[in-house]
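Here is what each chain is made of, one letter per residue.
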Amino acid sequence: MAVEQDHTQPKGADAGTVRAAREILSGDRRHGRLARVMPFLGPAFIASVAYVDPGNFATNIAGGAQYGYMLLWVVLACNLMAMLVQLLSAKLGVATGLNLAEHCRARFSRPTVWFLWVLMEIMAMATDLAEFVGAAIGFHLLLGFPLWAGGLLTAVATFLILGLERYGFRPLEIAITCFVGLVACCYVVETFLDRPDWGLVVYHSFVPRFQGTESVLLAAGILGATVMPHAIFLHSSLTGGRIHVRDPVQLRRLFKFQIVDVVVAMVIAGAVNAAMLIMAAATFHQAGMTQIGTIEAAHETLVPLLGKAASVVFALSLVAAGLSSSAVGTMAGQVMMQGFIHRRLPVWLRRGVTIVPSLVVILAGFDPTRTLVLSQVVLSFALPFAIIPLVVFTSRSDVMGVLANRRPTIVIAGLVAALVVALNVFLLVRLFVGD
């Protein structure tokens, strides 16, 4: 089935970025090394927001508080898997100009497409719920607002961020990248304040180890909060709708630049996740506070342990993560609706609809951290339906042309997909069945 591509003409900052990119892809070497990379950076930074969202705060803090530095290797392994998945997603967009949802619509039966769309919409709502609630918690901790007021402030701020889309992809990419940078800077400060044992950090980053089934369960939770379905769909759309080339040589060059984009963005996201766990290990676990169960408790406990500055920085990072991931989640929802069923809601309407369940959760008095954890469980259901088609499509030469996965990539990607699915199944079984 043929799929139409809807590529609008870039304007303003976008036009300059696309023009520079085309010059570089055509072999123009007048640009310096850094200038040659800059036009291609951005899509992975938007996708990487999913890897530093409030769900990651909950799982990484729990892991560090309960087991110290022991699960750092899980964070590293999950980041490497996420890096591969996002590379495949970027490659799908580069090679075909279409996103993953559009490929599913073109190649699956109509009932399957509608099933996938409904499933992914539920996933998008769960994702948005976690991110919205996380930002509301951040405003509550930072400014002392009640959660409902923090929720309303989150809604307004998200509308403003999404409003940048009208000016093209570049302003939005810059804004989201600034949020990611803010979260990273906050955790640089946190790491400086908590003074971790760097010898143990290095050791546990590379030596796999578990301590009972509970640590395995928590590792599965870290994975569930790391590899995100909506980031897979969104990333393929961002690269597919950005710079369009068909020449095989230029395609390979373009993908090489996307590799740089993904590696830089995911290294930063992985470092932030590791810093979250390190902070919890160096403060809560070392002080014997192994049962820190909520984000609010973690924030309050930082004051006597590290001082007021640490708690403020922690809350600020949560706000930045929540706002940026909430905006990105709404973008992903738009991409999936357009790709699966060729429908598109105005951003304000889609954002308004997803605000309602989030505010209901807040006003009903549900435990915010528990809500974050349950949202990750919903994502576990959806993940196989994103990652398996991605691996299949990127391995087909009739779809990908010269960028089709080679045999080693197929094997590694297949193993990653199997491992991701197996760990998520384990998480769900443990949750609903128990020991």
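Conventions and cut-offs
- Residues numbered from 1 in each chain as written.
- Predicted model: local features only at pLDDT ≥ 70, side-chain atom pairs only at ≥ 80, totals over all residues.
- Heavy atoms only, no water.
- Phe/Tyr/Trp six-rings, centres within 6.5 Å; stacked < 30°, edge-to-face > 60°.
- Helix = DSSP H or I, 4+ residues; strand = E, 2+ residues; numbered from the N terminus.
- Buried < 20%, exposed > 50% of the residue type's maximum accessible area, 1.4 Å probe, protein only.
- pLDDT = per-residue confidence, 0-100.
- Contact = heavy atoms within 4.5 Å.
- Salt bridge = Lys/Arg side-chain N within 4 Å of Asp/Glu carboxyl O.
- Expected span 1.5 Å × (residues − 1).
- Axes fitted to C-alpha atoms, helices over the stretch in contact; angles between N-to-C directions.
- Parallel < 35°, antiparallel > 145°, perpendicular 65-115°, else oblique.
- Left-handed = near helix turned anticlockwise from the far one by under 90°.
- Nonpolar A, V, L, I, M, F, W, Y, C, P; charged D, E, K, R; others polar.
- Core = buried A, V, L, I, M, F, W, Y, C linked by side-chain atoms within 4.5 Å.
- Arc of directions from axis to C-beta.
- Polar contact = N/O pair within 3.5 Å; in protein donor to acceptor, adjacent residues only side chain to side chain.

1. Comments concerning the packing of aromatic side chains
Next up, step 1: Summed over all chains, the structure comprises 5 aromatic pairs.
Next up, step 2: Relative to W117, the ring of W114 lies with its centre 5.4 Å away and its plane at 90 degrees, an arrangement referred to as edge-to-face. Of this pair, W114 and W117 are both found in helix α7 (residues 110-143), 3 residues apart, which corresponds to roughly one turn of the helix.
Next up, step 3: A relative accessible area of 38% means that W114 is categorised as partly exposed.

2. Quick look at the confidence of the model for the protein
Detailed reading of predicted coordinates is not advised where the pLDDT is low.
Next up, step 1: Of the residues in the protein, 82% have a pLDDT of 70 or more, and the chain-wide mean is 80.
Next up, step 2: Within the protein, helix α6 (residues 100-107) carries the highest mean pLDDT (92), whereas helix α17 (residues 368-382) carries the lowest (65).
Next up, step 3: Overall, residues 1-9 carries pLDDT values under 50, and its contacts beyond four positions in sequence, including any with other chains, amount to 13 contacts.

3. Here's the deal with the pattern of salt bridges
Next up, step 1: Tallied over the entire structure, the rule returns 1 salt bridge.
Next up, step 2: In this structure, R396 and D398 form a salt bridge, with 2.7 Å as the shortest nitrogen-oxygen distance.
Next up, step 3: Looking at D398, the relative accessible area reads 56%, which means it is exposed.

4. Remarks on helix α9 (residues 169-194)
A turn of α-helix holds 3.6 residues, and therefore any two residues three or four places apart point the same way.
Next up, step 1: In this model, α9 (26 residues) spans 38 Å end to end at C-alpha, consistent with the 38 Å of a helix rising 1.5 Å per residue.
Next up, step 2: At the C-terminal side of α9, R195 shows a positive phi close to 50 degrees.

5. A look at the environment of V189
Next up, step 1: Its place among the elements puts V189 in helix α9.
Next up, step 2: Judged by relative accessible area, V189 falls into the partly exposed class, the value being 36%.
Next up, step 3: Once the C-alpha coordinates of V189 and F314 are considered, the two residues, 125 residues apart in sequence, prove to be 9.4 Å apart.

6. Focus on the packing of helix α5 (residues 72-96) against helix α10 (residues 198-206)
Axis angle and axis distance: for two packed helices, these are the angle between their axes and the distance between the axes, and together they describe the pair.
Next up, step 1: Relative to each other, α5 and α10 sit at 55 degrees, their axes nearing to 6 Å. By the criterion of interaxial angle, the relationship of α5 to α10 is oblique. Both α5 and α10 take part in a crossing whose hand is right-handed. In this structure, α5 uses L72, W73 and L76 to contact α10, whose residues at the interface are V201, H204, S205 and F206.

7. With respect to the packing of α5 against helix α13 (residues 248-285)
Next up, step 1: With their axes 9 Å apart at the nearest point, α5 and α13 run at an angle of 155 degrees to one another. In terms of axis orientation, α5 runs roughly antiparallel to α13. Of the two possible hands of crossing, α5 and α13 adopt the one that is right-handed.
Next up, step 2: Partitioned by chemical class, the residues of the contact of α5 with α13 number 20 nonpolar, 5 polar and 1 charged.

8. Here we look at the side chain of S205
Next up, step 1: In this structure, S205 sits in helix α10.
Next up, step 2: Judged by relative accessible area, S205 falls into the buried class, the value being 15%.
Next up, step 3: Not counting residues up to four positions away in its chain, the partners in contact with S205 are L72, W73 and L76.

9. Some remarks on the nonpolar core
Next up, step 1: Residues L71, M120, Y187 and F340 are the most contacted members of the largest nonpolar core, which totals 128 residues.
Next up, step 2: Top element by residues in this core is α13. It accounts for 19 residues.

10. Some details on α10
Next up, step 1: Here α10 has its buried residues at V201, H204 and S205. Projected onto a plane normal to the axis of α10, the buried residues spread over an arc of 110 degrees and lie on a single side. Structural note: α10 exposes V202 and F206 on the side pointing more than 90 degrees away from its buried face.
Next up, step 2: Where α10 is buried, its residues touch α5 and α13.
Next up, step 3: The backbone nitrogen of G199 lies 3.1 Å from a side-chain oxygen of the residue at the head of α10, namely D197.

11. Quick word on the environment of G181
Next up, step 1: Locating G181 in the fold gives a position in helix α9.
Next up, step 2: Judged by its relative accessible area of 27%, G181 falls in the partly exposed class.

12. Section: the environment of A309
Next up, step 1: Within the secondary structure layout, A309 lies in helix α15 (residues 308-341).
Next up, step 2: Relative accessible area serves as the criterion here: at 48%, A309 is assigned to the partly exposed category.
Next up, step 3: Distance in space between the C-alpha atoms of A309 and E190 is 9.0 Å, their sequence separation being 119 residues.

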